[in-house]
Amino acid sequence: LESARTASSLNHPNIVQVYAFEQVREEFLLAMEFVDGLDLGRLVSAARRKGVRVPYAIAAWIVAEAAKGLDYAHNRKDERSQPLEIVHRDVSPQNIVVSYDGRVKLIDFGIAKAAGKITRTQAGMIKGKVGYMSPEQVGGKDVDRRTDLFALGICLWEALTGKRLYDGPNEIVVMNKIRTGGVAAPTAENPRLPPTVDPIVLKALAKDPNQRYATASELEADLHALARSLPAPGAAGRLAQLMRQMFPSEAARAASGPQEIIGMSDKGGS
C-alpha cells in the first residue's frame with residue numbers, strides 16, 4: 001500500500017502513471033498507464049543480435065529523459081510541502097520503457113523508499129537488481145538519490161557499449177565488482193563514441209557518492225548538452241524510427257491502433 005501511494009503521487013511525462021489502487025478481497029490491484037513499447041534492455045539486446053549498437057545520441061537521449069523523471073520523483077513534496085525524499089532503488093534497463101512512438105518512461109517504483117514511511121528496510125537487507133546497484137546499496141548502507149544516479153550511469157554505460165558492466169557467475173562476484181572493481185571508459189569499449197561521453201558516464205559511476213552528480217537534473221543537463229553537440233542529436237522522432245527498425249512487426253501493430261488489453265493479477269489469474 002505504501003508503494004502504491006508513493007507511485008500514485010507521481011505525475012510526470014517520464015514516469016508511468018498509477019491511476020488508482022484498491023483491494024479486492026485478498027488482492028491488491030493497480031490501474032496503470034499502458035505504454036506500448038519495450039524496455040531499454042530489450043532494445044540494447046535487439047541491437048546486439050543485429051550486430052549493431054544503439055546510436056549513442058539516442059542512448060544519451062533515452063537516459064536524459066529517464067533522468068528527468070527521476071529528478072521529478074526525487075524532488076516530490078507532500079501536501080504540506082515537505083520533501084518526500086523518494087529514492088527508486090531499482091533503476092535498471094528493465095525499468096526504463098521505450099514506446100514505439102519514441103517516449104521514455106520510468107516504471108516500477110515498487111521498492112521506492114520515501115522518508116517518513118512506516119516501512120523500513122532491515123539492516124543489511126538488499127533490494128533491487130544486483131547488477132544495477134550502487135556500492136553503498138550492495139553494502140546495505142543508507143541510500144539517497146545518488147544511488148539512483150549510479151544505476152542510471154550503469155544503464156547509460158551499457159546502452160553506449162552494448163555490453164554488461166557488472167556481470168559474473170553469481171551475485172557475490174557481481175557485488176564485489178561493484179564495490180571494488182574499476183570501470184572502463186565507454187570509449188575503451190566502443191571507440192566510435194565521442195570522447196566527451198567519458199567524463200559524464202564516469203562521474204555518474206563514481207564509487208564515492210560525493211564524487212557523483214548531486215542531482216538527476218545535472219546529469220540530464222550534461223546529456224542534453226552532449227546530444228546537442230552531436231551531428232544527429234537524439235530525439236523522440238529518431239527513437240521512434242529506431243524502434244520501427246528493431247521491432248518492425250511490433251511497431252506496425254502499435255501504429256494500427258489500440259488493442260484490447262487483458263490484465264493479469266499478481267496471482268496469475270486472468
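Read on for a plain summary of the structure. Every value quoted in this text rests on a predicted model; they were computed, and no experiment measured them.

Points about the sheet that holds strand S4 (residues 96-99)
Picture the strands of a sheet paired through backbone hydrogen bonds; they go either parallel or antiparallel. The strand order across the open sheet formed by three strands is S3-S4-S5, and the pairing between neighbours is antiparallel. In this open sheet, the two strands that pair with only one neighbour each are strand S3 (37-39) and strand S5 (104-106). The average undirected angle you get between the axes of adjacent strands in this sheet is 30 degrees. As paired elements, S4 and S5 share three bridges and run antiparallel to each other. Its bridge partner lying in S5, valine 98 is registered against valine 104. The strands touched by helix H2 (residues 40-49) within the sheet are S3 and S4, with S3 carrying the most contacts at an inclination of about 85 degrees.

A look at the packing of helix H3 (residues 56-74) against helix H5 (residues 145-161)
The geometry of H3 relative to H5 is characterised by a closest axis approach of 9 Å and an angle of 165 degrees between their N-to-C directions. Judged by the inter-axis angle, H3 sits roughly antiparallel to H5. The two elements H3 and H5 cross, and the hand of that crossing is right-handed. Facing Tyr56, Ala59, Ala60, Val63, Ala66, Ala67, Leu70 and His74 of H3, the residues of H5 in contact are Arg145, Asp148, Leu152, Leu156, Ala159 and Leu160.

With respect to the nonpolar core
By size, the foremost hydrophobic cluster in this structure holds 69 residues, and its most contacted members are Leu43, Ile62, Ile96, Leu152 and Leu239. Here this core gets 12 residues from one element, more than from any other, and that element is H3. Filtering out sequence-adjacent residues up to four positions away, leucine 43 remains in contact with Val54, Ile62, Leu239, Leu242, Met243, Met246 and Phe247.

Thresholds applied
- Within any chain, residue numbers begin from 1 and follow the written order of that chain's sequence.
- In keeping with the model being predicted, local features are shown solely for residues with a pLDDT of at least 70 and side-chain atom pairs are shown and tallied solely at 80 or more, while totals for entire chains, interfaces and linings include all residues.
- To get the side-chain values, all heavy atoms of the structure are used, and hydrogens and water are removed first.
- Two strands qualify as a pair provided that DSSP identifies no fewer than 2 bridges between them.
- Only DSSP runs of H or I with at least four residues qualify as helices, and only runs of E with at least two residues qualify as strands; both kinds are numbered from the N terminus onward.
- Only the contacting stretch of a helix is used when fitting its axis, a line to C-alpha atoms as for every element, and angles between N-to-C directions run 0 to 180 degrees.
- Throughout, a contact is declared for two residues whenever any of their heavy atoms are within 4.5 Å.
- Angle categories are assigned with fixed cut-offs, so that under 35 degrees is roughly parallel, over 145 is roughly antiparallel, 65 to 115 is roughly perpendicular, and the rest are oblique.
- Left-handed is the label given to a crossing in which the near helix is rotated counterclockwise from the far helix by less than a right angle, and right-handed is the label when the rotation is clockwise.
- The criterion is simple. A nonpolar core is a set of buried Ala, Val, Leu, Ile, Met, Phe, Trp, Tyr and Cys residues joined through side-chain atoms within 4.5 Å.
- Think of it in three bands: residues with accessible area under 20% of the maximum for their type are buried, residues over 50% are exposed, and the middle band is partly exposed, with areas taken using a 1.4 Å probe on protein chains only.

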